[in-house]
Structure formats: structure tokens, C-alpha cells
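So you can see what is in the structure, the chains are spelled out below.
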Amino acid sequence: MNEPLLNETRPSALSLAPLATDADRAAFRALNEAWISDFFELEAADRAALADPDGHYVASGGAVFMAHLEGRAVGCVALCPEGPGVFEVSKMAVDPAAQGRGVGRRLLAHAVAQARAMGAHRLVLASNARLGPAVHLYESVGFRHLAAHERPHTPYARADVFMELALS
């Protein structure tokens, strides 16, 4: 029987760190391409962000964080600046083999904490109703759904769920 990736007795087995290596960049791209392709089609905005996460997120004042388990990248999340004190939570993905084990929750909590440390007062995100577990995760940490008149512009045709989290 295979040992689970995460359990209550080994929460420290998962490490979270900023995007740092070419292997991280490749994993960021692969993790996101996999889930997007499973549910939707890659769009031009996806291709641009995944081809150059440093240029797309980090150079503009954002960040990309990777989750590693026993030296293997199992998840990622990005923060993209959207304006003064506002970041978009973007490109959050978890390897299917690690899903259901708290990796996404840990990534999201880390992104929220890092956004606060970066001076954010608000987080926004765009998702899709087909991604029920992800939407439920966002709701469980306090993100609220935005009304139609509150929704920001997004380059993603698939986006039909818009949420925000006030940090102050």
C-alpha cells in the first residue's frame, strides 16, 4: 500500500517556497497546462503567463509559490498585481496525486499570508463553476462572490466565477 502524500502526523513534509529554479518553472507550466487542458482549452493569456512566469508575475511585483513534497513539485499558485494593494490569485494548481490532502489549502493560505506581507489589502480571483472543489476552498477561507457589476475584466473566456477577499 502506498503511503499518503500528506497526513496529520507529517504536515511539515510539504514545503512552500518562491519559484526559484528551471525545474520549478517547468513544473508551474506542466501543472497548469494539465488542469486547464482537462477542463478547458489553453488560451492566449495562459500561454503568455506559463511561458514566462518570472516576467508575467514576479517582474511586475507579484510572486509565484511552489509546493514541494519529497523534492517533487506538487502544486503552485501565483499572485499578480492588479493595482495598489490588490493582487489576483492566479494559476493555482495541484497535482492530481496530491489532491484531497490539503496541498491547495496550504498554498492558498501561504498566498494570502504573502500578499498581506506584500502590503495587499484585497485579493481577487477568477475561476469557473465547473471547478467546484476550488470554488468551495476559496469560500471556506473567506472569499466572497462578486456581483456582476463588481466583476473585473479578465482575459479568460472560461471565467464565470469572480471572488474577492478583504485583507484589512
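Scroll up to find the structure.
Starting from 1, residues in each chain are numbered consecutively following that chain's sequence as written. A pLDDT threshold of at least 70 governs which residues receive local features in this predicted model, and a stricter bar of 80 or more applies before side-chain atom pairs are shown or counted, although totals over entire chains, interfaces and linings include all residues. Water and hydrogen atoms play no part in the side-chain values, which are based on all heavy atoms of the structure.

S.K.: Describe the nonpolar core, naming the residues involved and giving the relevant values.
M.R.: Formed by 30 residues in total, the largest nonpolar core has its most connected members in Leu79, Val89, Val103, Leu123 and Phe143. Secondary structure elements with two or more residues in this core: strand S2 (63–69), strand S3 (72–83), strand S4 (86–94), helix H4 (103–117), strand S5 (122–127), helix H5 (132–140) and strand S7 (161–166). For this core, the element with the most residues is H4, which contributes six residues. Residues grouped as a nonpolar core are buried Ala, Val, Leu, Ile, Met, Phe, Trp, Tyr and Cys residues, joined through side-chain atoms within 4.5 Å. Accessibility here uses a 1.4 Å probe with only protein chains present; expressed as a share of the type maximum, an area under 20% marks a residue as buried, one over 50% as exposed, and anything in between as partly exposed. Each helix corresponds to a stretch of at least 4 residues labelled H or I by DSSP, and each strand to a stretch of at least 2 residues labelled E; elements are numbered beginning at the N terminus.

S.K.: Summarise the sheet that holds S3; cite the residues concerned and give the values.
M.R.: Spatial ordering of the open sheet is given by S1-S2-S3-S4-S5-S7-S6, a layout of seven strands whose pairing is mixed. If you trace the sheet from one side to the other, it starts and ends with strand S1 (14–18) and strand S6 (144–145), each paired once. Where S5 and S7 come together, six bridges link them in antiparallel fashion. By the bridge assignment for S7, arginine 122 is matched with alanine 166. Following DSSP output, two strands are said to pair if at least two bridges run between them.

S.K.: Describe the side chain of glutamate 88, listing the residues and the values that go with them.
M.R.: Along the chain, glutamate 88 falls in strand S4. Under the counting rule used here, the positive set is Lys and Arg, the negative set is Asp and Glu, and His together with the chain ends is not counted. When a carboxyl oxygen of Asp or Glu is within 4 Å of a side-chain nitrogen of Lys or Arg, the pair counts as a salt bridge. In this structure, glutamate 88 is buried with no salt-bridge partner, the nearest side chain bearing the opposite charge being lysine 91 at 7.2 Å. Among all residues touching glutamate 88, those that are not within four sequence positions of it are Ala78, Leu79, Cys80, Glu82, Val124, Leu125 and Ala126. Two residues form a contact once any of their heavy atoms are found within 4.5 Å.

S.K.: So what's going on with the environment of valine 112? Which residues, and what values?
M.R.: Of note, valine 112 is situated in helix H4. A relative accessible area of 10% means that valine 112 is categorised as buried. As a C-alpha pair, valine 112 and valine 89 span 23 residues in sequence and 8.7 Å in three-dimensional space. Residues within four places of valine 112 in sequence aside, it is in contact with Leu123, Leu165 and Leu167.

S.K.: Give me the lowdown on the packing of helix H1 (residues 22–39) against helix H2 (residues 44–51), citing residues and values where you can.
M.R.: Between two packed helices, what matters for the description is the angle formed by their axes and the separation of those axes. Axis definition: a line fitted to C-alpha atoms, over the contacting stretch in the case of helices. Angles run 0 to 180 degrees between N-to-C directions. At a minimum axis distance of 9 Å, the contact between H1 and H2 shows a crossing angle of 160°. As far as their axial angle goes, H2 and H1 are roughly antiparallel. In terms of crossing hand, the pair formed by H1 and H2 is right-handed. Residues Phe28, Arg29, Asn32, Glu33 and Ile36 of H1 form the contact with H2, whose own contacting residues are Asp46, Ala49, Leu50 and Ala51. Small angles under 35 degrees read as roughly parallel and large ones over 145 as roughly antiparallel, with 65 to 115 read as roughly perpendicular and the rest as oblique. Two helices cross in a left-handed way if the nearer one is turned anticlockwise from the farther one by less than a right angle. They cross in a right-handed way if the turn is clockwise.

S.K.: Which residues make up unusual backbone geometry, and what are the values?
M.R.: Even without a glycine there, the phi angle at glutamate 70 is positive, about 50°. Positionally, glutamate 70 belongs in the loop between S2 and S3. The phi dihedral of lysine 91 is positive, around 50°, even though this residue is not glycine. By the element assignment, lysine 91 lies in strand S4.

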